[in-house]
Number of protein chains: 2
Amino acid sequence: MELGLYTFGDVGADPATGRRVGPAERLRNLVEEIVLADQAGLDVFGLGEHHRPDYAVSAPAVALAAAATQTKRILLTSAVTVLSSDDPIRVFQQFATLDNLSEGRAEIMAGRGSFIESFPLFGYDLDDYDTLFAEKLQLLMQLNESEQVSWPGGKHTPPITDRGVYPRPYQEKLPIWIAVGGTPQSLARAGVLNLPLALAIIGGEPARFAPLFDLYRQAAQRAGHDPATLKTSINVHGFVADTTQEAADTFYAPQADVMNRIGRERG
Amino acid sequence: MELGLYTFGDVGADPATGRRVGPAERLRNLVEEIVLADQAGLDVFGLGEHHRPDYAVSAPAVALAAAATQTKRILLTSAVTVLSSDDPIRVFQQFATLDNLSEGRAEIMAGRGSFIESFPLFGYDLDDYDTLFAEKLQLLMQLNESEQVSWPGGKHTPPITDRGVYPRPYQEKLPIWIAVGGTPQSLARAGVLNLPLALAIIGGEPARFAPLFDLYRQAAQRAGHDPATLKTSINVHGFVADTTQEAADTFYAPQADVMNRIGRERG
């Protein structure tokens, strides 16, 4: 089992103290947190892409790179890259650069996105929510397979005729995870593509989500893959303190603030 | 006067020794070079975006970020960002992230590109070489002006209706330079837009290029700007050793290798 941390780089006022933390302080603290997590022996650190005033991370590979040569063992991943509204070639190049800087510790966690700000910002239509992801994921996987790429193009991507994409990663291939929120079609797609699966659990008992992993492994098996080789992960909210009560007391205010703010937006 | 270094992160075989340097070694060495340049008191370090097997840097902001919190004073810039084939919003976000990580030391040097690999790779038409740059530069400058952006869209960019772009830079605005190869229209554009100018001089006596800066300052003046406030730079090939002879002996083989290789491509 591997244990890690992920964050979106929250900025704004601390609900307990009112003190404001801006993006520079938050991003520089993040680098120290990743270095400390590496020293403490955690296995992975993830940064999630958002396009909102309350999160400092819109370019995960840039923020992760700041810790790349200051760490030795910890994996550096997006959590997630909103692949639907990005360019798979740029994503591949940025994480291949991170992979070289870290000598093989970069991973991409690709998702359709739980927030939707990136769609109007980058000129995409939410009606294409799923086809954007499917097409761009296919191109991203192909970039990972070979240095020279030919791509027929599609509804959302231009064609490519035998071009090289650089730098190549340090690893033979960049690990590409599929991050899902629980949509059965997304789970099945990850299984069919034989890609590792990260499930985000925002609330509820983790055990309740076991059937989703069964669905994923069944889809993989039906597509001819060996489910025993598939890696899985759960991404959950959490807070650690010396006692449960202390954790609850410390965590409640900021967590309630976030959940209420986002709950109000989503209605 | 400020003095700095820029590189594209050359990889491949050393023509003197035959030893191959791959992208991981090159990029990790780069980070050490930037840290050393900072300690030695150089003012700026630049990385140029390319999409070729002989250069390791295709994502300058990611590579520069690796040195951001390990340096104190040195400016970190692209040299150049091929803005024509990139998304101005992503470029802004990546360099704003770098600016926060470095507490205000990020700059963007935007150019049309001297190499053309990025156009077919990202689905652009070389016939749009100049209109791509002009339109994307305008959007990039607008992103720099205000947090909320509305943009009518154009031939090469989708419209944006009152969206926020994050993170905001640490500096009030990101310094945006225009990098040119000597095209009079490009020089005049930089002057009209009141943007600092970087001139690439691949060969020839620097003094011979002075009239280009006059043209630039005249264009600025005609557009109502004060030419005395405009910053300028020259980007030249160079090599430093204890004696001129030693510099020539050491530098000749690798430089001839590069110039002959690229000369053959361009015919």
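An unreviewed UniProt entry annotates chain A as Luciferase of Microvirga aerophila.

A. The packing of aromatic side chains, seen in detail. Under the definition given, this model contains ten aromatic pairs over all chains. Summarising the aromatic geometry, the rings of Tyr 6 of chain A and Phe 8 of chain A are spaced 5.9 Å apart at their centres and angled 55° between planes, so their arrangement reads as tilted. An angle of 15° between the planes, with centres 5.1 Å apart, marks the rings of Phe 239 of chain B and Phe 251 of chain B as stacked. Taken as a pair, Phe 239 of chain B in the loop between strand 12 (232-236) and helix 8 (244-266) and Phe 251 of chain B in helix 8 lie far apart in primary sequence, twelve residues in all. The exposure class assigned to Phe 239 of chain B is partly exposed, which follows from its relative accessible area of 39%. Judged by relative accessible area, Phe 251 of chain B falls into the partly exposed class, the value being 24%. In this structure an aromatic cluster arises from ring pairing among Tyr 6, Phe 8, Tyr 55 and Phe 115 of chain A.

B. Representation of the relation of the copies chain B and chain A. Rotating chain B by 180° about the axis while translating it 0.0 Å along that axis superimposes it on chain A, leaving an RMSD of 0.0 Å. The operation mapping one copy onto its partner corresponds to a two-fold rotation axis. When the interface residues of chain B are mapped onto chain A, 100% of them again fall at the interface, so both copies present the same face.

C. Here's a closer look at the side chain of Thr 71 of chain A. Residue and element names in this part refer to chain A. In this fold, Thr 71 is placed in the loop between helix 2 (60-65) and strand 5 (75-78). In this structure the side chain of Thr 71 is engaged in a polar contact, spanning 3.2 Å, whose partner is the backbone oxygen of Ala 68. Residues contacting Thr 71, with those up to four places away along its chain left out, are Ile 34, Val 35, Asp 38, Leu 76 and Arg 105.

D. Region of the structure containing unusual backbone geometry. Residue and element names in this part refer to chain B. The amide bond that connects Ala 79 to the next residue, Val 80, takes the cis arrangement and shows omega of 10°. Checked against the element boundaries, Val 80 lands in the loop between strand 5 (75-78) and strand 6 (81-82). Residue Pro 167 is bonded to the preceding Tyr 166 through a cis peptide linkage, with omega at -5°. By the secondary structure assignment, Pro 167 is in the loop between strand 9 (160-164) and strand 10 (176-180). With a phi angle near 60°, Asn 194 is a residue other than glycine that sits in the positive phi range. Among the structural elements, Asn 194 can be located in the loop between helix 6 (184-192) and strand 11 (197-201). With a relative accessible area of 32%, Asn 194 lands in the partly exposed category.

E. Just the side chain of Asn 144 of chain A, in detail. Residues and elements named next belong to chain A. Note that Asn 144 resides in helix 5 (residues 129-145). Looking at Asn 144, its side chain comes within polar contact range of the main-chain oxygen of Leu 174, at 2.7 Å. Excluding anything up to four places from it in sequence, Asn 144 contacts Phe 92, Arg 168, Pro 169, Glu 172, Lys 173, Leu 174 and Ile 176.

F. Inspection of the pairing of strand 4 (residues 44-47) of chain B at higher detail. All names here are of chain B. Direction of pairing for strand 1 (residues 4-7) relative to strand 4: parallel, over a ladder of four bridges. Bridge pairing links Leu 5 to Phe 45 in strand 4. Bridge count between strand 4 and strand 5: four bridges; the pairing is parallel. Within the sheet, the bridge partner assigned to Val 44 lies in strand 5 and is Leu 75.

G. Broad picture of helix 1 (residues 23-40) of chain A. A rise of 1.5 Å per residue sets the reference length of helix 1 of chain A, with its 18 residues, at 26 Å; its end C-alpha atoms lie 25 Å apart and thus fit the reference within 8%. Within the sequence span of helix 1 of chain A, burial applies to Ala 24, Arg 26, Leu 27, Leu 30, Val 31, Ile 34, Val 35, Ala 37 and Asp 38 of chain A. Next to the buried residues of helix 1 of chain A lie strand 1 (4-7), strand 3 (20-21), strand 4 (44-47), helix 2 and strand 5 of chain A together with helix 3 (88-101) of chain B. Once helix 1 of chain A ends, the next one or two residues include Gly 41 of chain A, with phi positive near 95°.

Definitions and limits used
Residues numbered from 1 in each chain as written. Chains lettered and ligands numbered in written order. Predicted model: local features only at pLDDT ≥ 70, side-chain atom pairs only at ≥ 80, totals over all residues. Heavy atoms only, no water. Phe/Tyr/Trp six-rings, centres within 6.5 Å; stacked < 30°, edge-to-face > 60°. Helix = DSSP H or I, 4+ residues; strand = E, 2+ residues; numbered from the N terminus. Buried < 20%, exposed > 50% of the residue type's maximum accessible area, 1.4 Å probe, protein only. Least-squares fit on C-alpha atoms with pLDDT ≥ 70 in both. Contact = heavy atoms within 4.5 Å. Polar contact = N/O pair within 3.5 Å; in protein donor to acceptor, adjacent residues only side chain to side chain. Pairing = 2+ DSSP bridges. Expected span 1.5 Å × (residues − 1).

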